[in-house]
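# Commentary on secondary and tertiary structure
Chain by chain, the residues:
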Amino acid sequence: MRDVLQTAFQEGSFDLVSMQYPALPKVAGETAMRALLDAVQPSGLLLAVYHDLDEEHREHMRSRGVDPADYIDVDDLGRLLADNFIVEFRAVEPRIDPPPNNPHIADVVLRARRR
């Protein structure tokens, strides 16, 4: 595991890149995200999991001083994938055992294969 904002990855060096709940600020995150995508070798897979952010979830985060709009989300990732990846799977999946009193009850799961 590495900090994508601090690590240089060799292009095409991984057959699987997995991002679980990435919190990449839009200010610096697009460059980092592109570096991660470039690290996936041709025919390799990207697996990404994000919280499903409904309005209740967004409000919960804002009440804690975090604005989700400041971070790359799954839709931003989808736009970055458009030219070099085929999205094989994208779905909202309920959490099997969500924490009590927490709006994190579902996740967006995305799997894409590099062309």
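Treat the numbers as computed from the prediction; the structure is a model and nothing was measured.

### Section: the packing of helix α1 (residues 26-39) against helix α3 (residues 74-81)
Two elements in contact, α1 and α3, have axes separated by 11 Å at closest approach and are oriented at 45°. Comparing the axis directions of α1 and α3 gives the class oblique. As for the relative orientation of α1 and α3, their crossing is right-handed in sense. Counted together, Lys26, Glu30, Met33, Arg34 and Leu37 of α1 and Asp76, Leu77, Leu80 and Leu81 of α3 form the full contact between these two elements.

### A few points about unusual backbone geometry
You will see that Tyr21, though not glycine, has its phi angle at about 55°, which is positive. Here Tyr21 shows up in the loop between β1 (14-20) and α1. For Tyr21, a relative accessible area of 34% gives the class partly exposed. If you check the backbone angles, Ser43 has positive phi at about 75° while not being a glycine. Looking at the secondary structure, you find Ser43 in strand β2 (residues 40-51).

### Section: the nonpolar core
In summary, soluble globular proteins display a tendency toward joint burial of nonpolar side chains. By size, the foremost hydrophobic cluster in this structure holds 19 residues, and its most contacted members are Met19, Met33, Leu37, Leu46, Tyr50, Leu77 and Leu81. Among the elements of the structure, β1, α1, β2, α3 and β4 (106-114) are those that each provide at least two residues to this core. Excluding anything up to four places from it in sequence, Met19 contacts Met33, Leu36, Leu46, Leu47, Ala48, Val49, Tyr50 and Leu77.

### What to know about the packing of aromatic side chains
Counting across every chain of the model gives one aromatic pair. With a centroid separation of 6.0 Å and 70° between ring planes, the pair formed by Phe9 and Phe14 is classed as edge-to-face. According to the relative accessible area criterion, Phe14 is partly exposed, its value standing at 34%.

### Let's talk about the pattern of salt bridges
Applying the stated criterion across every chain yields a total of nine salt bridges. Close ionic contact of Glu30 with Arg34 constitutes a salt bridge, the shortest N to O distance being 3.2 Å. Of the two residues, Glu30 and Arg34 are both situated in helix α1; the distance of four residues between them amounts to about one turn of the helix. For Arg34, a relative accessible area of 42% corresponds to the partly exposed category. Across the pair Asp75 and Arg90 runs a salt bridge whose closest N-O atoms are separated by 2.7 Å. One end of the pair, Asp75, is in helix α3; the other, Arg90, is in strand β3 (residues 85-94), and 15 residues separate them in sequence. According to the relative accessible area criterion, Asp75 is partly exposed, its value standing at 39%. Three or more residues are tied together by salt bridges with common partners; here these are Lys26, Asp76 and Arg79.

About the cut-offs
- Residues numbered from 1 in each chain as written.
- Predicted model: local features only at pLDDT ≥ 70, side-chain atom pairs only at ≥ 80, totals over all residues.
- Heavy atoms only, no water.
- Axes fitted to C-alpha atoms, helices over the stretch in contact; angles between N-to-C directions.
- Helix = DSSP H or I, 4+ residues; strand = E, 2+ residues; numbered from the N terminus.
- Parallel < 35°, antiparallel > 145°, perpendicular 65-115°, else oblique.
- Left-handed = near helix turned anticlockwise from the far one by under 90°.
- Contact = heavy atoms within 4.5 Å.
- Buried < 20%, exposed > 50% of the residue type's maximum accessible area, 1.4 Å probe, protein only.
- Core = buried A, V, L, I, M, F, W, Y, C linked by side-chain atoms within 4.5 Å.
- Phe/Tyr/Trp six-rings, centres within 6.5 Å; stacked < 30°, edge-to-face > 60°.
- Salt bridge = Lys/Arg side-chain N within 4 Å of Asp/Glu carboxyl O.

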